[in-house]
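Take a look at the letters that make up each chain.
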Amino acid sequence: MTKRENFLKGFWKENQILVSLLGLCAPLAITTTVENALGMSAILMFVLILSNVIISAIRKIVPNQIRIPIFIVVIATLVTLAEMIMAAFLPSLSKSLGMWISLVVVNCIILGRAEAFASKNNILDSLIDAIGMVLGYALVLILISIIREILGTGGITVWGDLKFNLNDLFNRSEDNKFPFFSHFFVTPAGAYIILGLLIGFANIINRKKVVTK
Amino acid sequence: MTLGEILTLAFSAVLVENIILSRFLGTCPFLGVSSKQESAVGMGLAVIFVITLSSVISWTLFEFILAPFAMGYMATIVFILVIASLVQIIEMFLKKVVPSLYKSMGIYLPLITTNCGVLGMAKIVATPEYNLLTSFVMSFASSVGFLLVIYIFSSLREKIDNGPVPLPFKGVPIALIMAGLMAMIFAKFVGVI
């Protein structure tokens, strides 16, 4: 596998959410707003890149039988670091993500990449793998959150001042709003249905590719 | 704390604040092992066992060690180690003492370590708002909610696997959409409690 393939595989071919169906809790829970999805992506990026590099660096000295507990301790340490940095510099985001920051420890993609890739490959390849994987994951997170926030509230608000609202954009008055924005999409039920549809559409595209080949 | 308050806590943990459908904890086993009823029940029972035990232990550790020494920031690391070793101990204990039970839920035990429901529940109850009794009730009721939902869901999936589902949506996508419909129904229990 070339470095380029290694980097690109996380975006579509082995996309952790849409194709491998790993780590589905976070994309369901924290995608109510784009802001949360961006924050989560940043945390995952920090943790996955560092954990892949560290685990790849220590892979030769870790005894095989106890590798999983060691990986978990490395990951938990990084997540605790991320938790503290977040609480110090972005307190409001850290509050709205809540316990989902610490649940990154048990996010399948982190341990999954450690076990499936970083424990078998050198540091550079593991770094490239981590960056590709986490970017692919983050893009899907952000996509879901954009769909949910627009359908749920009619607009997007990021960090308070960067915002737009379709109702204002088309000069709709309070009693003449667009009828298709519903709070439903922000509720858990909406999350499940949108993720289900996205994975289904990804399957449709993947099937077409197979046919044309 | 009166009996009524405890019952309210328990019922809202099972139905309204359902661990899967409202909190999104434990979605991986929910989708992973729900294709057969038998395995869903096995997983559900194992989850009840582990979540209840680990949450009560986590609460105790938080209350008597982490909080008094101002080490709340260590919670994630401590809890994950507690959970991992607890699962290992339960596995060894069952293998030796109750082999029949081990056979039916043994294979699900290692999977539970990475079930975010376990760490999530430990994090939820390990706060000063809970005491020993309420943390027990909360974690037990939540995991019963897990069993309830995964059981209903597995029955639905056995049916829908034979249904006329478009090919790209077979399996996980249709299961997620079905979970969405179930979440809608469970959200309506708000009026009951």
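Please refer to the structure placed before this passage.
1. Some remarks on the overall build of chain B
Right, so step 1: A tally of helices and strands in chain B yields 9 helices and 0 strands.
Right, so step 2: When the helices and strands of chain B are placed in sequence order, the string is α-α-α-α-α-α-α-α-α.
Right, so step 3: Its C-alpha atoms give chain B principal-axis dimensions of roughly 60 × 45 × 30 Å.
Right, so step 4: The 193 residues of chain B split such that 52% are buried.

2. Considerations on the overall build of chain A
Right, so step 1: Within chain A one finds 9 helices and 2 strands.
Right, so step 2: In chain A, the order of α-helices and β-strands from amino to carboxyl end is α-α-α-α-α-α-α-β-β-α-α.
Right, so step 3: On the principal axes, the C-alpha backbone points of chain A span a range of 65 × 50 × 25 Å.
Right, so step 4: Taking all 213 residues of chain A together, 47% fall into the buried category.
Right, so step 5: Within chain A, contacts between residues at least 6 apart in sequence are counted, and of these 76% link residues at least 24 apart.

3. Here we look at the pattern of salt bridges
Right, so step 1: On inspection of all chains with the given rule, the structure shows 6 salt bridges over all chains.
Right, so step 2: Note that B:Arg23 is salt-bridged to B:Glu17, the shortest N-O span being 3.4 Å.
Right, so step 3: One connected set of salt bridges, linked through shared partners, spans A:Lys9, A:Arg113 and A:Asp129.

4. Points about the packing of helix 1 (residues 3-16) of chain B against helix 8 (residues 132-160) of chain B
Residue and element names in this part refer to chain B.
Right, so step 1: Axis separation between helix 1 and helix 8 bottoms out at 7 Å; the angle between their running directions is 30°. You can see that helix 1 and helix 8 cross each other, and the crossing is right-handed. On helix 8, the residues that touch Ile-6, Leu-9, Ala-10, Ala-13, Val-14 and Leu-15 of helix 1 are Leu-133, Thr-134, Val-137, Met-138, Ala-141, Ser-142, Gly-145 and Leu-148.
Right, so step 2: Its residues assigned to classes, the contact of helix 1 with helix 8 comprises 11 nonpolar, 3 polar and no charged.

5. Focus on the environment of A:Gln16
All names here are of chain A.
Right, so step 1: Following the sequence through the fold, Gln-16 ends up in the loop between helix 1 (3-8) and helix 2 (25-29).
Right, so step 2: Gln-16 gets classed as buried once you look at its relative accessible area, which sits at 2%.
Right, so step 3: Along the sequence, Gln-16 and Val-158 sit 142 residues apart, while their C-alpha atoms lie 25 Å from each other.
Right, so step 4: Not counting chain neighbours up to four residues away, the residues in contact with Gln-16 comprise Leu-21, Leu-22, Ile-109, Arg-113, Met-133 and Tyr-137.

6. Looking at unusual backbone geometry
All names here are of chain B.
Right, so step 1: A positive phi angle, near 60°, is found at Phe-24, a position not held by glycine.
Right, so step 2: With a phi close to 55°, Ala-70 is a non-glycine residue in the positive phi region.
Right, so step 3: By the element assignment, Ala-70 lies in the loop between helix 3 (37-66) and helix 4 (75-97).
Right, so step 4: Ala-70 gets classed as exposed once you look at its relative accessible area, which sits at 61%.

7. Focus on the packing of helix 8 of chain B against helix 9 (residues 172-187) of chain B
Residue and element names in this part refer to chain B.
Right, so step 1: Relative to each other, helix 8 and helix 9 sit at 135°, their axes nearing to 11 Å. Classified by the angle between their axes, helix 8 and helix 9 sit oblique to one another. Where helix 8 crosses over helix 9, the two elements pack in a sense that is right-handed. In this structure, helix 8 uses Leu-148, Val-149, Ile-152, Phe-153, Leu-156, Arg-157 and Ile-160 to contact helix 9, whose residues at the interface are Ile-174, Ala-175, Met-178, Ala-179, Met-182 and Phe-186.
Right, so step 2: For the contact of helix 8 with helix 9, a count of residues per class yields 12 nonpolar, no polar and 1 charged.

8. Some thoughts on the side chain of A:Glu35
Right, so step 1: Looking at the secondary structure, you find A:Glu35 in helix 3 (residues 34-58).
Right, so step 2: Apart from the residues lying within four places of it in its own chain, the contact partners of A:Glu35 are A:Leu93, A:Thr157, A:Val158, A:Trp159 and A:Gly160.

9. Some details on a nonpolar patch on the surface
Right, so step 1: On the surface, A:Leu81, A:Ile85, A:Phe89 and A:Leu90 cluster together to form a nonpolar patch covering roughly 390 Å² of accessible area.
Right, so step 2: Inspection of the secondary structure puts A:Leu90 in the loop between helix 4 (67-89) and helix 5 (91-97).

Conventions adopted
Residues numbered from 1 in each chain as written. Chains lettered and ligands numbered in written order. Predicted model: local features only at pLDDT ≥ 70, side-chain atom pairs only at ≥ 80, totals over all residues. Heavy atoms only, no water. Helix = DSSP H or I, 4+ residues; strand = E, 2+ residues; numbered from the N terminus. Buried < 20%, exposed > 50% of the residue type's maximum accessible area, 1.4 Å probe, protein only. Contact = heavy atoms within 4.5 Å. Salt bridge = Lys/Arg side-chain N within 4 Å of Asp/Glu carboxyl O. Axes fitted to C-alpha atoms, helices over the stretch in contact; angles between N-to-C directions. Left-handed = near helix turned anticlockwise from the far one by under 90°. Nonpolar A, V, L, I, M, F, W, Y, C, P; charged D, E, K, R; others polar. Parallel < 35°, antiparallel > 145°, perpendicular 65-115°, else oblique. Patch = residues over 30% accessible without salt bridge, like charges linked within 9 Å, V, L, I, M, F, W, Y side chains within 5 Å. Areas by Shrake-Rupley, 256 points an atom, 1.4 Å probe, with all protein chains shown as cover.

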